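As a plain string of letters, each chain reads:
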Amino acid sequence: MHRIKDCVNLYAHYVSLNLRSAMQHKASFFLQIAGQLLTSMTTFLGITFMFMRFEQVGGYTYADILVCYSIVLLQFSLAEMFVRGFDAFSSLVRKGEFDRVLVRPRSPILQVLGARFEFTRVGRLLQALIVFSYGVRASGVEWTPVRVLTLISMLLGGILLFAGLYLMYASFCFFTLEGLEFMNIFTDGAKEYGKYPVDVYGERMKKFATFVIPYALVQYYPLQLLLGRSDCWYCMLYPLGAVVFLAACYAFWRFGVRHYTSSGS
Amino acid sequence: MIEMQHIRKTYRVMRRSAGFKEACRQLFRREHDEIRALDDVSFAIGDGEIVSYMGPNGAGKSSTIKILSGILTPDSGHCVIDGLVPWKDRMKHVARIGVVFGQRSQLWWDIPVIDSFELLRDIYRVDQRRYEQNLDELTALLQLEELLRTPTRQLSLGQRMRCEIAASLIHNPRILFLDEPTIGLDAVSKLAVRDFVKKQNREHGTTVILTTHDMQDIAALAERVILIGRGRILLDGTLDDICREGGSGDLEQAAAGLYRKLDIA
């Protein structure tokens, strides 16, 4: 317990240094936050326009999709807020600056995440919260205790899943030295495509999202319970499967750290 | 206290000829060469020694430092520092060492130096009283008074290096690794750095291991010199040994003569 508090304090210290750094460049700081607020509103409008033409998509109504999208967007934005520090990881490894991380007696993950904390993400998180609060109310879902628990479980599972993806993305850098751009399909892409439940994309996609990268566990299955399309109360436990995925990604990360060969002098 | 026995480390390096066609071929078939960075390196360093580690570029100096500081895992061989194996007990080991990479900064670029120091205090879990004590002492010895409130990006190279060295000593390390600490510094800053390192060694008994190309650094600091070339230890002795073997009273000449004689230049 004491150790966790110690880590949280250190992370908070990193965040505060990042804030002090960011505020050195005032204009850019505010402009970026404002800019971020506007960007994914467009996805939201996209859904609205879609449903002005069609009544249903894959058996889901406008209200259903609204719930789905607002949850996925919030999962993604929360994860991004804390874990996106891995974005610049390839340059950290390529320039050999990961050396510095390794000569300090603290968790490398904590140091990497702390070193890059971009406040522009606050804008995106705010926007996710706005969409979410609108979606939750407009959906007409009746919020029973079971459904509230399901929702919390989805959010937690989603954060863990995206965290695992970012960790996996970073671990690849130990072997390729370059960031693998295609990995974005699984993170930013998942946010875009995740606005519709995975079964909309067909049976194969559902299998992939269940057994390979378990998006369906934090989205499709618990969503059925949330929307009253199924009575499987245990679906609310599915998102916890993301823990297994994260553990696998962490093992891969550990393997990568041992494989790290540094660079230059 | 530092013991290295039969350490070996090889890297795989990619090779290709110039030209676009070759670059394309490279996409599909890669050719690797094995480079022996360290080939059966053994030495022992006692408590409170200052040792210069010298050799031409690419001789294996940085690889040795990286193994000693727990960043790299060697292919084979034993290394024990104060009862710990650096790459196995990395977290415990790095809490007791300080590392200065002359070419890479550990200070936050946009914020005053003192902010970086406070982060290091939390990273190394130094308690407030000892932190203030150390800071006062370092400030007096390295004349940091006015620098502490300045953002790192506005410091000159010499000023920055003084801050870098102070930063690596905040937690009273028992061993200090200096990787080219005087590179690019003017005469006054070089003298300041040398004086300080000597004093730190004398008054705190800190063991210092230093890599440098500056023969004056070696003359001013080290009683003992270890010469490495092509991954092998070629000479372990005093400055006089270097001069005798190199066949010149002038250190610079002697080093060059020695490199040529041993065919490691």
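Rules used throughout
Residues numbered from 1 in each chain as written. Chains lettered and ligands numbered in written order. Predicted model: local features only at pLDDT ≥ 70, side-chain atom pairs only at ≥ 80, totals over all residues. Heavy atoms only, no water. Helix = DSSP H or I, 4+ residues; strand = E, 2+ residues; numbered from the N terminus. Rg over C-alpha atoms; globule rule 2.2 N^0.38 Å. Buried < 20%, exposed > 50% of the residue type's maximum accessible area, 1.4 Å probe, protein only. Arc of directions from axis to C-beta. Contact = heavy atoms within 4.5 Å. Salt bridge = Lys/Arg side-chain N within 4 Å of Asp/Glu carboxyl O. Axes fitted to C-alpha atoms, helices over the stretch in contact; angles between N-to-C directions. Parallel < 35°, antiparallel > 145°, perpendicular 65-115°, else oblique. Left-handed = near helix turned anticlockwise from the far one by under 90°. Nonpolar A, V, L, I, M, F, W, Y, C, P; charged D, E, K, R; others polar. Polar contact = N/O pair within 3.5 Å; in protein donor to acceptor, adjacent residues only side chain to side chain. Patch = residues over 30% accessible without salt bridge, like charges linked within 9 Å, V, L, I, M, F, W, Y side chains within 5 Å. Areas by Shrake-Rupley, 256 points an atom, 1.4 Å probe, with all protein chains shown as cover. Lys, Arg positive; Asp, Glu negative; His and termini not counted. Charge placed at Lys NZ, Arg CZ, Asp CG, Glu CD. Buried area = accessible area lost by both parts, 1.4 Å probe.

Across its full length, chain B carries 10 helices and 9 strands. The C-alpha radius of gyration computed for chain B amounts to 20 Å, which stays within 12% of the reference 18 Å derived for 265 residues, consistent with globular compactness. The dimensions of chain B, computed from C-alpha atoms along their principal axes, are 55 × 50 × 40 Å. Counting all 265 residues of chain B, 52% fall into the buried class.

Given 3.6 residues per helical turn, the α-helix brings residues three or four places apart onto the same face. Residues and elements named next belong to chain B. Looking at helix 9 (residues 239-246), one finds that the buried residues are Leu 239, Ile 242, Cys 243 and Gly 246. Looking straight down helix 9, one finds that the buried residues subtend no more than 95° of arc, so they occupy a single side. More than 90 degrees from the buried face of helix 9, the exposed residues found are Asp 240 and Arg 244. Packing partners of the buried residues in helix 9 comprise strand 3 (50-54), helix 8 (215-221), strand 8 (224-229), strand 9 (232-237) and helix 10 (251-261).

Residue and element names in this part refer to chain B. Under the counting rule described, the total for this entry stands at 21 salt bridges over all chains. Here Arg 36 and Asp 39 are joined by a salt bridge, their closest N and O atoms 3.5 Å apart. For Asp 39, a relative accessible area of 8% puts it in the buried group. When the shortest N-O distance is used, the salt bridge between Asp 214 and Lys 190 registers 2.9 Å. Taken together, the residues Asp 214 in the loop between strand 7 (207-211) and helix 8 and Lys 190 in helix 7 (residues 187-204) connect sequence positions 24 residues apart.

With that settled, the discussion passes to the packing of helix 4 (residues 113-123) of chain B against helix 6 (residues 157-167) of chain B. The geometry of a pair of packed helices is captured by two quantities: the angle between their axes and the separation between those axes. Residues and elements named next belong to chain B. For the pair helix 4 and helix 6, the least separation of the axes is 10 Å and the interaxial angle reads 15°. As far as their axial angle goes, helix 6 and helix 4 are roughly parallel. With respect to the hand of their crossing, helix 4 and helix 6 are arranged in right-handed fashion. Where helix 4 abuts helix 6, its residues Val 113, Phe 117 and Leu 120 lie against Cys 163, Ala 166 and Ala 167. Here the contact of helix 4 with helix 6 is composed, by residue class, of 6 nonpolar, no polar and no charged.

Bringing the side chain of Arg 224 of chain B into the picture now. Residues and elements named next belong to chain B. With respect to the secondary-structure elements, Arg 224 resides in strand 8. Only 3.3 Å separates the side chain of Arg 224 from the side chain of Glu 49, close enough to count as a polar contact. Engagement of the side chain of Arg 224 in a polar contact is seen with the side chain of Asp 236, the distance being 2.9 Å. Those residues within four positions of Arg 224 in sequence are excluded, and the remaining contacts are Phe 43, Ala 44, Ile 45, Glu 49, Ile 50, Val 51, Ser 52, Asp 236 and Gly 237.

So, about a negative patch on the surface. Residues and elements named next belong to chain B. On the surface, Glu 132, Asp 136, Glu 145 and Glu 146 cluster together to form a negatively charged patch. Note on placement: Glu 145 falls in the loop between helix 5 (128-142) and helix 6. Accessibility expressed as a relative area gives 59% for Glu 145, which makes it exposed.

This part covers the environment of Phe 182 of chain A. By secondary structure assignment, the location of Phe 182 of chain A is in the loop between helix 9 (145-176) and helix 10 (184-193). Accessibility expressed as a relative area gives 44% for Phe 182 of chain A, which makes it partly exposed.

A separate point is the interface of chain B and chain A. Each partner contributes to the interface: chain B provides 30 residues, whereas chain A provides 31 residues. Counting the surface chain B buries against chain A, the share from its top three residues, Arg 104, Trp 108 and Ile 123 of chain B, is 21%. Residue Asp 99 of chain A pairs with Arg 104 of chain B through a salt bridge whose shortest N-O separation is 3.2 Å. Our enumeration of links across chain B and chain A arrives at 10 residue pairs in polar contact (both at pLDDT 80 or more). Breaking the side of chain B that touches chain A down by element, the ones donating at least two residues are helix 2 (61-68), helix 3 (90-94), strand 5 (97-101) and helix 4 of chain B. Among the elements that line the side of chain B that touches chain A, the one with the most residues is helix 4 of chain B, at 7 residues. Taken together, the residues that form the side of chain B that touches chain A break down as 15 nonpolar, 4 polar and 11 charged.

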